[in-house]
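Examination of the molecular architecture
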Amino acid sequence: MSDFDQMGIVVDWVDACRRGDLATLLDLYADDAELECTCNGTERYRGRSELEIYWGPRLGAFSSAGFGLEEIHPAPHGVHLEYSVAGALRIQALFRFSPDGKIRSTLCEPARQNAHHGCAC
């Protein structure tokens, strides 16, 4: 069992996204963290500089459109999050953590969308 609050770290992640705070968001990740996004094909990023390339352009758009926490719950070896952008686009993410309480990996993919909305993350 970890001695840090995994759910709290993901809530901090959501808060950084809502504020469009790239520096804080990146500080939540381990130096060698990996992100895999399958929303528009499979994209993989590793390390702070590549995560900055991924999040930089998205974060401003997401925070200005509105970033909502839909569901959060513990998952085997991590935390599952479902969030929305602009109240419609839904994305699910699985977070795994390093022993020192940093995000080690994130896998994001489209969540089930409302019948009248498609995924275009």
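As a starting point, this report considers the structure included with it. Everything numeric here is computed off the predicted structure, so don't read it as measured data. Residue numbers restart at each chain and count upward from 1, following the sequence in its written direction. Confidence filtering applies because this is a predicted model: local features only for residues at pLDDT of at least 70, side-chain atom pairs given and counted only at 80 or more, and all residues used for totals across whole chains, interfaces and linings. Where side-chain values are given, they derive from all heavy atoms of the structure, hydrogens and water being excluded.

Here we take up the packing of aromatic side chains. Side-chain rings of Phe, Tyr and Trp, where Trp is taken by its six-membered ring, are said to pair if the distance between their centres is within 6.5 Å; with planes under 30 degrees apart they count as stacked, over 60 as edge-to-face, and otherwise as tilted. Taken as a whole and assessed by the stated rule, the structure comprises eight aromatic pairs. Between Phe67 and Tyr83, the aromatic rings sit 4.6 Å apart at their centres with planes inclined by 20°, giving stacked as the arrangement. Linking Phe67 in strand S3 (residues 67–75) with Tyr83 in strand S4 (residues 78–85), this pair joins segments that are 16 residues apart in sequence. The same class applies to Phe67 as to Tyr83, namely buried. Aromatic ring contacts, followed pair by pair, group Trp13, Tyr45, Tyr54, Trp55, Phe67, Tyr83 and Phe95 into a single cluster. Here a helix means four or more residues in a row that DSSP labels H or I, a strand means two or more in a row labelled E, and each is numbered from the N terminus. Summary of the burial criterion: residues with accessible area below 20% of their type's maximum are buried, those above 50% are exposed, and those between are partly exposed, where the area comes from a 1.4 Å probe applied to protein chains only.

Before going further, it helps to spend a moment on the pairing of strand S5 (residues 89–97). A pair of strands is labelled paired if DSSP reports no fewer than 2 bridges between them. In this structure, S4 lies alongside S5, joined through seven bridges in antiparallel fashion. Across the sheet, residue Glu82 finds its bridge partner in S5, namely Gln92. Linking S4 to S5, which pair antiparallel, is a turn of three residues; within it Ala86 sits at a positive phi near 60°. Pairing of S5 with strand S6 (residues 103–110), which is carried by seven bridges, proceeds in the antiparallel orientation. Its bridge partner lying in S6, Phe97 is registered against Ile103. Linking S5 back to S6 in an antiparallel pair, the connection comprises five residues, with Gly101 at a positive phi of about 85°.

Turning our eyes to something else, we now look at the packing of helix H1 (residues 6–19) against helix H3 (residues 47–65). Helices that pack against each other are described as a pair by the angle of their axes relative to one another and the distance between those axes. In contact at an axis separation of 7 Å, H1 and H3 are set at 80° when each is read in the N-to-C sense. In terms of their interaxial angle, H1 and H3 are classed as roughly perpendicular. Contact with H1, carried on its side by Trp13, Cys17, Arg18 and Arg19, involves Trp55, Leu59 and Ser63 of H3 and no other residues of that element. Throughout, the ten residues Ala, Val, Leu, Ile, Met, Phe, Trp, Tyr, Cys and Pro are labelled nonpolar, Asp, Glu, Lys and Arg are labelled charged, and all others, Gly among them, are labelled polar. Counted by class, the contact of H1 with H3 contains four nonpolar, one polar and two charged residues. For every element, the axis is a line fit to its C-alpha atoms; helices are fit only across the contacting stretch, and the angle between N-to-C directions ranges from 0 to 180 degrees. Here is the rule for angles: anything less than 35 degrees is roughly parallel, anything more than 145 is roughly antiparallel, 65 through 115 is roughly perpendicular, and the remaining ranges are oblique. Here a residue-residue contact requires only that any non-hydrogen atoms of the pair lie within 4.5 Å.

Our next topic: the side chain of His80. Topologically, His80 is positioned in strand S4. For His80, a relative accessible area of 16% gives the class buried. As used in this structure description, the phrase polar contact means that two N or O atoms lie within 3.5 Å; if the pair is within protein, one of them must be able to donate a hydrogen and the other to accept it, and residues adjacent in sequence are counted only when both atoms belong to side chains. In this structure the side chain of His80 is engaged in a polar contact, spanning 3.3 Å, whose partner is the side chain of Gln92.

Let us now look at H3. Here, expected helix span is obtained from the residue count minus one, scaled by 1.5 Å. The end-to-end C-alpha separation of H3 is 27 Å, in line with the 27 Å expected for 19 residues at 1.5 Å each. The bend at a residue is defined as the angle formed between two axes, one fitted to the seven residues ending at that residue and one fitted to the seven starting there. Taking the largest bend as the criterion, H3 deviates by roughly 40°, centred on Trp55, and proline Pro57 comes between one and four positions later. Listed in full, the buried residues belonging to H3 are Gly47, Leu51, Tyr54, Trp55, Leu59 and Phe62. One or two steps after H3, the chain reaches Gly66, where phi turns positive at roughly 105°.

Here Trp55 is to be found in helix H3. Once the C-alpha coordinates of Trp55 and Gly20 are considered, the two residues, 35 residues apart in sequence, prove to be 9.6 Å apart. What Trp55 contacts, discounting residues up to four positions off in sequence, is Trp13, Leu22, Leu25, Tyr29, Leu35, Phe62 and Tyr83.

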